Amino acid sequence: MGDTIVAIATAQAPAAIGVVRLSGKEALAIALSFWQGAKPHPRTATLGMLLDGQTPLDQALITYFPAPHSYTGEDVVEISCHGSPYILRRVVEICLERGARLARPGEFSLRAYLHRKLSLDQAEAIADLIQARSAAAHRLALSQFRGAYYQKVRALREKLIEFLALMELEMDFSEEDVELASRSQLLLLLEALDGEVTALLKAYRIGQAVREGVPVAIVGRPNAGKSTLLNALLAEERAIVSDTPGTTRDTLEERLYLGGYELRLIDTAGLRENPADAIEAEGIRRARQKLAQAFLILYVFDVSEETPTQAQQHAPLLLGTDFTASILWIANKIDKLSTPIPSTDGVIFISAAQGTGMDALEKAIVESLAQQGASSDILLSHARHYESFIKAQTAVKGALQLLREGGGSELIVEELRAAQRAIGEITGEITPDEILGHIFSKFCIGK
Ligand SMILES: Nc1nc2c(ncn2[C@@H]2O[C@H](COP(=O)(O)OP(=O)(O)OP(=O)(O)O)[C@@H](O)[C@H]2O)c(=O)[nH]1
Ligand SMILES: [Mg+2]
């Protein structure tokens, strides 16, 4: 970690400004070695000229953050110059010639973590923040970064550690048969812990969906108006619409931003019991596959052909049972009705072709996501955290079982240790090096 690293911290395209960042002991010396201007004061931007040999390269600002008050906890220098790919590349090359080394992806954040400027989940939150495309993903990343997540996890772990300490102490006095850790209190703690961990685990699917885009499948019989609905939601003629049943043969996915969420809207082939040919059968198979992955199902039916009750009765036959998503019932083509039909609870009436009822539908989609917990600030959204919590849950359940069966303290202590280790992995209190390398390698260079 002793060496000084350098990387371009901004996007690699012509832009008004671009930033090159240096971190490490030699950061300031390297920057000043091709700088013509005043020596920068800590944390104050200083104007000067960057030199390429004897020739001016660019007018720039240098900001110097002496250790430990910097992002990485080391001496950091940020050079803001004009965002020309050539200038930025030259600045990096000159830094390399003067002894810096090119940073690996995520290496600035890795250093920040190693210098305890960030916990591991906070470092991951920064990577998420950079990637966030929707308000909801941004909110999740920010709350994780601000430590909401960390507090919750840490509180759980601290309680565990208290009990562990007491039980370990007990084992030292084993001949005297003292019971320092109340078994009934431990049982209560473990049950509470099990409840919290289970709730966090349950929120994983929605958390991941919020971060990566919530899959929403549009399904229903052929000709119900699914593709018309997709187009109406996107406000774009994206999918082919025709009055021939079976027009959509493959699935089609588009991103839509709605109510602060990023949705992955998936149009599918119409579902029916007896497909006409092998292609349609394959389309239906794919539709069912998307159904299984979806978070929300928009079930579209032609209300001029079946009543809401009939549609709801038939739907299970078409949908099968291989899905967990909640369903929004959408009665389409209300413009074709000569007499309006009475409103039915939980059914949204629209005309996708004419754009009627779209506001209510959009509102219902957003509400449904919120109801499923998508608006929560603390959601598990990383596979790595999920795995650690699964390990913790297994250990907590193991300890609970032992406790209920009057199992020996040694075995219970083993399980408690495993649980606290698993939770410690999330914030990075206990994390093997190879896992660290893997986590940070997924960051972008310069971060
Ligand atoms: N009157 C009326 N017609 C509609 C409405 N929505 C769709 N249609 C018509 O219904 C027919 C089928 O529409 P699509 O959007 O292609 O239906 P689909 O569900 O995607 O059909 P498949 O892809 O074949 O499964 C087309 O002729 C549309 O113009 C609506 O709200 N009102
Ligand atoms: Mg279609």
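Above this note sits the structure.
Described below are features of the structure shown in this document.

Parameters at a glance
- Residues numbered from 1 in each chain as written.
- Chains lettered and ligands numbered in written order.
- Predicted model: local features only at pLDDT ≥ 70, side-chain atom pairs only at ≥ 80, totals over all residues.
- Heavy atoms only, no water.
- Buried < 20%, exposed > 50% of the residue type's maximum accessible area, 1.4 Å probe, protein only.
- Helix = DSSP H or I, 4+ residues; strand = E, 2+ residues; numbered from the N terminus.
- Pairing = 2+ DSSP bridges.
- Contact = heavy atoms within 4.5 Å.
- Donors = N, O, S within 2.8 Å, 3.2 Å for Na, K, Ca; no water.

This part covers the pairing of strand β1 (residues 5-8). The side chains of a regular strand alternate, residue by residue, between the two faces of the sheet. In β1, alternate side chains face the same way, and those of I5 and A7 on one face and V6 and I8 on the other are all buried. Alignment of β1 against strand β2 (residues 15-23), held across four bridges, turns out to be antiparallel. Bridge pairing links I8 to V20 in β2. As consecutive antiparallel partners, β1 and β2 are separated by six residues. Two strands pair when backbone bridges link them, and β1 and strand β7 (residues 101-102) are joined in this way by two bridges, in the parallel orientation. Residue pairing in the sheet places I5 in a bridge with R101 of β7.

Further remarks concern the environment of S23. Positionally, S23 belongs in strand β2. The spacing of S23 and E107 is 84 residues in sequence and 9.8 Å in space, taken between C-alpha atoms. Look past the residues within four positions of S23 in its chain and what remains in contact with it is D3, T4, I5, T72, E74, D75, V76, F108 and R111.

Let us look at the coordination of the magnesium ion (ligand 2). Within the protein, the magnesium ion (ligand 2) binds to S227 (OG) and T248 (OG1); these donor distances fall in the range 1.9 to 2.1 Å. In this pair, S227 sits in helix α9 (residues 226-234) while T248 sits in the loop between α9 and β9 (252-258), placing the two residues 21 residues apart along the sequence. By relative accessible area, which is 8% here, S227 ends up buried.

Attention now moves to the environment of I348. Within the element layout of this structure, I348 appears in strand β13 (residues 347-349). In this structure I348 comes out as buried when scored by relative accessible area, which is 11%. When the C-alpha positions of I348 and L369 are compared, they lie 16 Å apart, and in sequence the two are 21 residues distant. With residues near it in sequence (within four places) discarded, I348 still touches L328, W329, I330, A331, G357, A360, L361 and A364.

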